[in-house]
Amino acid sequence: MNAELDPIPVITIDGPSASGKGTVAERVASALGFHFLDSGALYRLTALSAMKHGVALDDEAGVAALAAGLPATFGDGAVRLADEDVTDAIRAEAVGEGASKVAALPAVRAALLERQRAYRQPPGLVADGRDMGTVVFADAATKVFLTASAEARAERRYKQLIEKGNSASLSALVADMQARDARDTARSVAPLKPAPDALLLDTTHMDIESAVQAVLAHYASRDGRQQGI
Ligand code: DC
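Residues numbered from 1 in each chain as written. Predicted model: local features only at pLDDT ≥ 70, side-chain atom pairs only at ≥ 80, totals over all residues. Heavy atoms only, no water.

### Observations regarding the site of the ligand
Counted only if it meets this: Being near a molecule or strand, for a residue, means having at least one of its heavy atoms within 4 Å of it. Polar contact is the term for a pair of N or O atoms within 3.5 Å; when the atoms are in protein, one must be able to donate a hydrogen and the other to accept it, and sequence-neighboring residues count only if both atoms are side-chain atoms. A run of DSSP states H or I qualifies as a helix once it reaches four residues; a run of E qualifies as a strand once it reaches two. Both are numbered from the N-terminal end.
With respect to spatial proximity, 17 residues lie near the ligand, and among them Arg44, Arg109, Arg130, Asp131 and Arg187 are the closest. Contact between the ligand and Lys21: an oxygen atom at 3.3 Å from a side-chain N or O atom of the residue. Between a nitrogen atom of the ligand and a side-chain N or O atom of Asp131, the distance comes to 2.9 Å. Listing elements by their share of the shell around the ligand, those giving two or more residues are α2 (39–53), α4 (93–102) and α8 (170–186).

Quick look at the structure:
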């Protein structure tokens, strides 16, 4: 590969919630031995931190200050906020809702920018989020936009919730999915949209393994793409 064009390779995987991008990104990272950034977790941690500190989710300066000093650590399959294991807590629907709200605040996004870029370490990075290919790693040579219909994504989330023993309503999940998509897509800063040079992958009728293989094949073709062949 061309080291000058892509000093530390980054594969960006963006897309709406429950598109399967988290699982695909993790498997691609492990297949290549790359680092993995779950940027959504940082927005979720910021929202959780605001809720714990009693900071209103629309208090832009207050939430940005929390985001800038987030005492978050990732390791051994666990996410910690200071000393507390919040692996499950950040996955709660209410925290996801809050994450979508704080993610619309420009000062919060700015506060998390350098922290995300610091994950770009040898031998490479797979970054999962909404604006990885458009903003945070706009220079990445391999970009993927993973999507699926709102119904297919709601069904996946529904199955996950039922498997974990929670009750859930499919129609409510479809409505939530559409509302969150609308907020993530309509916001003025870093809206959810494919980078112009992203590979579009619709996983409505595709299983995870096929999506992983498609991303790996796209990454393998990067030299040809960079040289325009
Ligand atoms: O991927 P996720 O569901 O964990 O993301 C939670 C929220 O964070 C989602 O509503 C959008 C926001 N987000 C974002 O705005 N930018 C990112 N790079 C990642 C997530």
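### A word on the side chain of Lys143
As a reminder of what qualifies: Each residue's exposure class comes from its accessible area (1.4 Å probe, protein chains only) as a fraction of the maximum for that residue type: buried when under 20%, exposed when over 50%, partly exposed otherwise.
For Lys143, the location among the structural elements is in strand β7 (residues 142–147). Judged by relative accessible area, which is 4%, Lys143 ranks as buried. Of note is the side chain of Lys143, whose polar atom sits 2.9 Å from the backbone oxygen of Gly133. For Lys143, the side chain forms a polar contact with the main-chain oxygen of Ala138, separated by 2.7 Å.

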